[in-house]
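Structural features, examined
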Amino acid sequence: MKQQPFPTDFIAYLASSTLVGVKGGVERETFLNIWMVEVAGRVFARSWIKSNRSWFTAFLEEGVGQIQYGQHVLNVRGEQVRDTNLNLQVDEAYKAKYTQEHNLPYVAGITQPEYHNYTMEFIFENQSI
C-alpha cells in the first residue's frame, strides 16, 4: 500500500523549524518537542534519551501517535527503522538540518550508530486514532 504523503504545509514547517511536537500512543495528553527530519518526503525522529517510557516506546508498543505543528495535529503511525542505508540518510539529514553551533554536540551524538536502533519513521494517517 502506497503511503499517503504528508501535507505540504507540514513539510514546509518541518524544514523551517528545529522542534516539532510528538505524542506517542493514545493515552498521553501532552506533546514533547523533539528533533525531526525529512528524507525524500519521509519523516523521521530519534529518541535522544533512549528511555523505557518515552514517545519512542509508546510508538513501539501502540504503533500510533500524533505530530503537532503550530495549531495543527496529524495522526501518524510509527515504525522502527532497521534499514542501515536509510539510517545513514537520516544521519545526514540531522547533520544538514541542525547546524546551529549549540546543536553540534547533540548532532554528533545522535548520528552515532548506536542511535540507529532508536530511529522512528512517522507515516501520515488521515483518519483519527
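For the structure itself, look to the data block above.
Residues numbered from 1 in each chain as written. Predicted model: local features only at pLDDT ≥ 70, side-chain atom pairs only at ≥ 80, totals over all residues. Heavy atoms only, no water.

**So, the packing of aromatic side chains**
Scanning all chains against the criterion turns up 14 aromatic pairs. A ring pair is formed by Trp-48 and Tyr-106, whose centres lie 5.4 Å apart and whose planes are at 70°; its orientation type is edge-to-face. Here Trp-48 is found in the loop between strand 4 (42-46) and helix 2 (55-62), whereas its partner Tyr-106 is found in helix 4 (residues 104-110), with 58 residues between them in sequence. Measuring from centroid to centroid gives 5.3 Å for Phe-59 and Phe-122, while their planes differ by 65°, and the two rings are edge-to-face. Of the two residues, Phe-59 is situated in helix 2 and Phe-122 in strand 7 (residues 119-125); the sequence distance between them amounts to 63 residues. One exposure class covers both Phe-59 and Phe-122, and it is buried. (Phe/Tyr/Trp six-rings, centres within 6.5 Å; stacked < 30°, edge-to-face > 60°. Helix = DSSP H or I, 4+ residues; strand = E, 2+ residues; numbered from the N terminus. Buried < 20%, exposed > 50% of the residue type's maximum accessible area, 1.4 Å probe, protein only.)

**Brief notes about the side chain of Asp-91**
Turning to its location among the elements, Asp-91 is positioned in helix 3 (residues 84-97). Taking relative accessible area as the criterion, Asp-91 reaches 5% and is therefore assigned buried. Of note is the side chain of Asp-91, whose polar atom sits 2.5 Å from the side chain of Arg-46. Within polar-contact distance, the side chain of Asp-91 engages the side chain of His-116 at 2.9 Å. Dropping the residues within four chain positions of it, Asp-91 is found in contact with Arg-46, Ile-110, Thr-111 and His-116. (Polar contact = N/O pair within 3.5 Å; in protein donor to acceptor, adjacent residues only side chain to side chain. Contact = heavy atoms within 4.5 Å.)

**Some words on helix 2**
For helix 2, the full list of buried residues reads Trp-55, Phe-56, Thr-57, Ala-58 and Phe-59. Those residues of helix 2 hidden inside the fold are in contact with strand 1 (20-24), strand 2 (32-34), strand 4, strand 5 (64-69), strand 6 (72-80) and strand 7. If you check the start of helix 2, you find a side-chain oxygen 3.2 Å away from the backbone N of Phe-56, and it comes from Ser-54. One or two steps after helix 2, the chain reaches Gly-63, where phi turns positive at roughly 80°.

**Concerning the layout of surface pockets**
Of the volumes computed, that of the largest pocket is approximately 310 Å³. For the largest pocket, the lining is made up of 16 residues, of which Asn-33, Ile-34, Arg-46, Trp-48 and Ile-49 are closest to its centre. Elements with a minimum of two residues in the lining of the largest pocket: strand 2 and helix 4. Examining the composition of the lining of the largest pocket, we find that three residues originate from one element, strand 2, more than from any other. Partitioned by chemical class, the residues of the lining of the largest pocket number ten nonpolar, five polar and one charged. (1 Å grid on protein atoms, 1.4 Å probe; cavity = no way out; pocket = protein on both sides within 12 Å on 5 of 7 lines; lining within 4 Å. Points joined across faces, edges and corners; volume = space filled by probe spheres on them. Nonpolar A, V, L, I, M, F, W, Y, C, P; charged D, E, K, R; others polar.)

**Points about a nonpolar patch on the surface**
Together, Trp-48, Ile-49 and Tyr-106 make up a nonpolar patch on the protein surface, roughly 350 Å² of accessible area in all. Secondary-structure assignment places Ile-49 in the loop between strand 4 and helix 2. (Patch = residues over 30% accessible without salt bridge, like charges linked within 9 Å, V, L, I, M, F, W, Y side chains within 5 Å. Areas by Shrake-Rupley, 256 points an atom, 1.4 Å probe, with all protein chains shown as cover. Salt bridge = Lys/Arg side-chain N within 4 Å of Asp/Glu carboxyl O.)

**With respect to the nonpolar core**
Nonpolar side chains in soluble globular proteins tend to be buried together. Counting residues in hydrophobic clusters, the biggest one holds 32 residues, and the most contacted among them are Phe-6, Phe-10, Met-36, Trp-55, Ile-67, Tyr-94 and Phe-122. At four residues, the largest contribution of residues to this core is made by helix 3. Residue contacts for Ile-67: discarding those within four places in its chain leaves Phe-6, Phe-10, Val-20, Gly-21, Phe-31, Met-36, His-72, Val-73, Leu-74, Val-76 and Phe-122. (Core = buried A, V, L, I, M, F, W, Y, C linked by side-chain atoms within 4.5 Å.)

Scope: geometric values only; no functional claims are made or implied.
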